[in-house]
Structure formats: structure tokens, C-alpha cells
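# Structural characterization, general
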Amino acid sequence: MKVIDLRSDTVTKPTQQMKQVMLEAEVGDDVFGEDLVTNKFQAKMATLFGMEAGLYVPSGTMSNQLALKVLTQPSNEVLIESKGHILQYETGGASSLSSVQLFPLQGYSGKLSSEQISPAVRGVYDWEPETKVVCIEHSTNKGGGTVYSLDELRSIKQECERHNLYVHVDGARIWNALVATGQKPHDIGQIADTLSICFSKGLGAPVGSMLLSSTNNIAKARRFRKMWGGGMRQIGLLTAAADYAVEHHWPKLALDHEHAKTFAQTIAETSAFQIDLDSVQTNIVLFDTGDRTAIEVLEIFGQHGIKMVPFGPSTVRATFHFQIEEADVNRLLEVTRHCFNT
Ligand SMILES: *Cc1c(COP(=O)(O)O)cnc(C)c1O
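Residues numbered from 1 in each chain as written. Predicted model: local features only at pLDDT ≥ 70, side-chain atom pairs only at ≥ 80, totals over all residues. Heavy atoms only, no water.

Another point: the packing of helix H1 (residues 16–24) against helix H11 (residues 236–248). Contact geometry of H1 with H11 gives a least axis separation of 8 Å together with a crossing angle of 140 degrees. On the basis of their axis angle, the class for H1 and H11 is oblique. The way H1 lies across H11 gives a crossing that is right-handed. From H1, Gln17, Met18, Val21 and Met22 reach across to H11, where they touch Leu237, Leu238, Ala240, Ala241, Tyr244 and Ala245. Classifying every residue of the contact of H1 with H11 by side-chain character gives 9 nonpolar, 1 polar and no charged. (Axes fitted to C-alpha atoms, helices over the stretch in contact; angles between N-to-C directions. Helix = DSSP H or I, 4+ residues; strand = E, 2+ residues; numbered from the N terminus. Parallel < 35°, antiparallel > 145°, perpendicular 65-115°, else oblique. Left-handed = near helix turned anticlockwise from the far one by under 90°. Contact = heavy atoms within 4.5 Å. Nonpolar A, V, L, I, M, F, W, Y, C, P; charged D, E, K, R; others polar.)

The following block contains the structure:
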């Protein structure tokens, strides 16, 4: 029985074609700036999003942390929605690496609204921290894969400009967000001072993220990447895979979104569970496990070869990706109906 692994969209494995591209990549030493595949790919991504420059990094965490490093001074404050990845899942890095404090705002489904920014800005009095950055996730992770409309993004940008704040977009799943909304990469480049994009989530590359920003910020980030041990050598192997993923897997994400919606619909029709169908906007499904704990529910799914992750005492997350196929989805629906209808 094939294991249906919905724990994350990071569990995909490189395809045969992707491995072929990796084998054929002509590599050089990237610390010397001589890995031409990487140089070309960084420029290509920067152009795609309408930013000046890009820096390939090992992880989305490093990319986010580098963004805060180049945008802030120690003691600054960074506004973020309370479910934000930078706050929840980056081992307290912002306080350690950049000596800044994160101020969580309670939004909706992991999203901030522009009205929340103005009242939260501080720095007038000398006992206040100085607010410098607003971080937003597009799409959200702990927020359940929700996306911002272009209007929402633009009004956040407007508020930030009014208060001289930088906007950092954590676009670990920007590819999903673009597919779901029809927004153009340039739209995001216009609102972001720094933008982090990932290739190892739904796109299915084995490794890597990229920070996009101004030439100046990227030059600074490059120094800190080296300081933090992220200077890499013949990474054309990896950037070739990432490039392949953008070209060949980006267009496939719409299907993942369909699968997520189909599953969410079945969850809604299942007596044991509750779900907010409006929040299912991309490849992530969060649902409430009702009278059972998340762990109990996961054990039952597990007995049928289906893996998901707990996202709270009674919350489960399922994440769809291109290596979940039609037959897998059908089995998932059958198991859900069979095991959880009273
Ligand atoms: C996964 C993720 C990251 C971090 O990526 P890693 O490569 O695992 O460090 C950052 N932000 C969001 C929203 C994510 O989902």
C-alpha cells in the first residue's frame, strides 16, 4: 500500500527528469561567484518578481532571517501576525540573530489587515521600541493556506509607506498564492522590500529558497549568509533543480488546490469533523477533529497509510503536493468517509 504523505509539501522527492537536469548542470564555486547556473537563476527570479537582485539560500528560515537582518537595527520591533512562521517556527532567530523583537498582532487566518498597522506603530517616545518592518505571509502556513487579495496587499503597503516601515513578504508558498489569486509576480515585487520564495515546498525541489530585494540589501545579505555558514560551493546542482521546478512544477499547483478543496468538502460532510471551507484557498487543509484529539484521528488515518500532522490539540493539517495523485485522493476520501461517519 502506497503511503499517502500529506504531512507537508516538503516531502516530495526529485523526479527522474529533475535529477537529469541536476546531473547536467555545469557548476562552479558560488562563494567565488563562479557558479553560472546559480548566477543566472538568481537574476531570472529577480527579473520575474521585478526586484533588483536575488540570493539563493539553504532554507526559507535563513531567507526570512536574512531579510530581518538587512532591514533592521538591534532593538527595532517587527510586526507580524500571531501565527507567522517567523514567530512560531524559527527557533527565536529574530531575537538572537538580529536582536529585534517580534510584536504579534491577532489577525484572521494568519493574515494581517491594513487597519491593524497604524495603531501598532511605535517609536515616538524614547521608551518605546522603533517599529521597522511588517512581515506578512502569502500564502499563510499556520493560517491554513489563506491568501491576500491585491487590494489587501496594496493597502498594507500604503500603510507601511505612511509610517516608513519596510514590508517583508514570507512567500514560502508564493507560487501557490499566485496560482490561486491570478496575481502576477511583479505585483508582489511592488509591495515587498524583501521577498522570500521557496523551491522546496510545493515546487518540489530538494533544497533551497531565495531572498529577493534591492542590489544593496542582497549584497548585505550575502555577507551575513557567509557569516551564518550558508556560503555554498557547487550549488548549480541545486539551483538547476530549483529552476526546473519553477518551469515544470509551478503550473501543476492548481491541481493540488483542487485536491485540497475536494478533501475539504468531504471533511465538511463528515459528521466527526468541522472545517471552515472559506479558509481552504490553496493546497493546505486545516480541520477540527471534534470529540477526538488530533492525535487519535491521526492514528486512525495512519492505520490506513495516510499521514498528516497535528496543528493543535484538536486541529489537523493536510498539505497537498504534486506527488499526491488522483488515486491517492480517492483512497483518502474513502477512508475519511468510512472511518469518521457515525
Ligand atoms: C516552510 C516555511 C518557511 C521556512 O522554510 P524552511 O525551508 O523549512 O526553513 C518559512 N515560512 C513559511 C510560511 C513556511 O511555510
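Structure's up, so let's keep going.
Across the sheet, 7 strands lie side by side as E2-E8-E7-E6-E5-E3-E4; this open sheet has mixed pairing. Of all strands in the sheet, those bounded by a partner on one side alone are strand E2 (53–57) and strand E4 (101–105). In this sheet, neighbouring strand axes are inclined to one another by 20 degrees on average, regardless of whether the strands run parallel or antiparallel. (Pairing = 2+ DSSP bridges.)

Okay, the sheet that holds strand E11 (residues 309–310) next. Pairing is antiparallel in the open sheet, where 3 strands are placed in the order E9-E12-E11. Each edge of the open sheet is held by one strand with a lone partner, namely strand E9 (284–288) and E11. With 2 bridges joining them, E11 and strand E12 (residues 315–319) adopt antiparallel strand pairing. Residue pairing for E12: Pro310 is matched across the bridge by Val316. Packed on one face of the sheet, helix H12 (residues 253–268) meets E9 and E12 and runs near 10 degrees to E9.

Counting 45 residues, the largest nonpolar core has Phe49, Trp175, Ile197 and Phe199 as the members making the most contacts within it. A per-element tally of this core places H11 first, with 6 residues. Not counting the four nearest positions on each side in its chain, Phe49 is found in contact with Ile174, Trp175, Leu178, Pro185, His186, Ile188, Gly189, Leu195, Ile197 and Leu212. In terms of nonpolar packing, the next biggest core, distinct from the first, is built from 28 residues, Ala264, Val297, Ile306 and Leu333 among them. (Core = buried A, V, L, I, M, F, W, Y, C linked by side-chain atoms within 4.5 Å. Buried < 20%, exposed > 50% of the residue type's maximum accessible area, 1.4 Å probe, protein only.)

Attention now moves to a nonpolar patch on the surface. On the surface, a cluster of nonpolar side chains totalling about 430 Å² of accessible area is made up of Val124, Tyr125 and Trp127. Along the chain, Trp127 turns up in the loop between helix H6 (117–120) and strand E5 (131–137). The class of Trp127 is exposed, set by a relative accessible area of 67%. (Patch = residues over 30% accessible without salt bridge, like charges linked within 9 Å, V, L, I, M, F, W, Y side chains within 5 Å. Areas by Shrake-Rupley, 256 points an atom, 1.4 Å probe, with all protein chains shown as cover. Salt bridge = Lys/Arg side-chain N within 4 Å of Asp/Glu carboxyl O.)

In the neighbourhood of the ligand, the contacting residues comprise Ser59, Gly60, Thr61, Asn64, His85, Glu90, Glu137, Asn141, Asp170, Ala172, Arg173 and Lys201. Between the ligand and the protein, one listed contact pairs an oxygen atom with a backbone N or O atom of Gly60 at 2.8 Å. A distance of 2.9 Å separates an oxygen atom of the ligand from a polar atom in the side chain of Asn141. When isolated, the ligand has an accessible area of 380 Å², and the protein chains bury 85% of it. The element best represented in the shell around the ligand is helix H3 (residues 60–71), accounting for 3 residues. Here the residues of the shell around the ligand sort into 1 nonpolar, 6 polar and 5 charged. (Near = heavy atom within 4 Å. Polar contact = N/O pair within 3.5 Å; in protein donor to acceptor, adjacent residues only side chain to side chain.)

The next subject is the pattern of salt bridges. One pass over the full model with this rule turns up 14 salt bridges. It is possible to trace a salt-bridge network through shared partners that takes in Lys2, Glu325 and Asp328.

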